Amino acid sequence: MLQLLSRIGAPDFINMTVTQEQSVFFQLTYPEGLKGYVELHLEEPDEIELVFNLYRNKQVVKAYGGKVEESLAAYLYALNG
């Protein structure tokens, strides 16, 4: 997975918001019109969930939700897709 991280590069912009619903929301902007929206749900400590949507030029590239490890892997693979 570290090799995958090194190929995507860093986002141009990151915004983070902590919500009242015990979640953290990230907005990420990458080159070439790629935008990521990631929400980390923290309500249940034993079952933290990560949901993301990736868009390129306002078209959905990938959407996924599940356990943190699975969702993070899907997000990284989608960035390199």
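Calculation criteria
- Residues numbered from 1 in each chain as written.
- Predicted model: local features only at pLDDT ≥ 70, side-chain atom pairs only at ≥ 80, totals over all residues.
- Heavy atoms only, no water.
- Helix = DSSP H or I, 4+ residues; strand = E, 2+ residues; numbered from the N terminus.
- Buried < 20%, exposed > 50% of the residue type's maximum accessible area, 1.4 Å probe, protein only.
- Contact = heavy atoms within 4.5 Å.
- Phe/Tyr/Trp six-rings, centres within 6.5 Å; stacked < 30°, edge-to-face > 60°.

Trainee: Got a sec to walk through the overall build of the protein chain? Specific residues and values, please.
Mentor: Helices and strands together make up the secondary structure of the protein chain, namely 2 helices and 5 strands. Each helix (α) and strand (β) of the protein chain, taken in turn from the N terminus, gives the series α-β-β-β-β-β-α. Counting only residues that meet the buried cut, the protein chain has 25% of its 81 residues in that class. Pairs at least 24 apart in sequence give 18% of the contacts found in the protein chain among residues at least 6 apart.

Trainee: Explain the side chain of His-41 to me, using residue names and the numbers behind them.
Mentor: Positionally, His-41 belongs in strand β3 (residues 34-41). Apart from residues no more than four positions distant in its own chain, His-41 is found in contact with Gln-22, Ser-23, Ile-48, Glu-49 and Val-51.

Trainee: Tell me what's going on with the packing of aromatic side chains, and back it up with residues and numbers.
Mentor: One pass over the structure, following the stated rule, counts 4 aromatic pairs. Summarising the aromatic geometry, the rings of Tyr-37 and Tyr-55 are spaced 5.8 Å apart at their centres and angled 75 degrees between planes, so their arrangement reads as edge-to-face. With Tyr-37 in strand β3 and Tyr-55 in strand β4 (residues 49-56), the pair connects residues that are 18 residues apart, well separated along the chain. The class of Tyr-37 is partly exposed, set by a relative accessible area of 26%. For the ring pair Phe-52 and Tyr-75, a centre distance of 5.1 Å and an interplane angle of 80 degrees mean the geometry is edge-to-face. Taken together, the residues Phe-52 in strand β4 and Tyr-75 in helix α2 (residues 68-79) connect sequence positions 23 residues apart. No difference in accessibility class separates Phe-52 from Tyr-75, as the two residues are buried. Put simply, the rings of Phe-25, Tyr-37 and Tyr-55 pair up and form one aromatic cluster.

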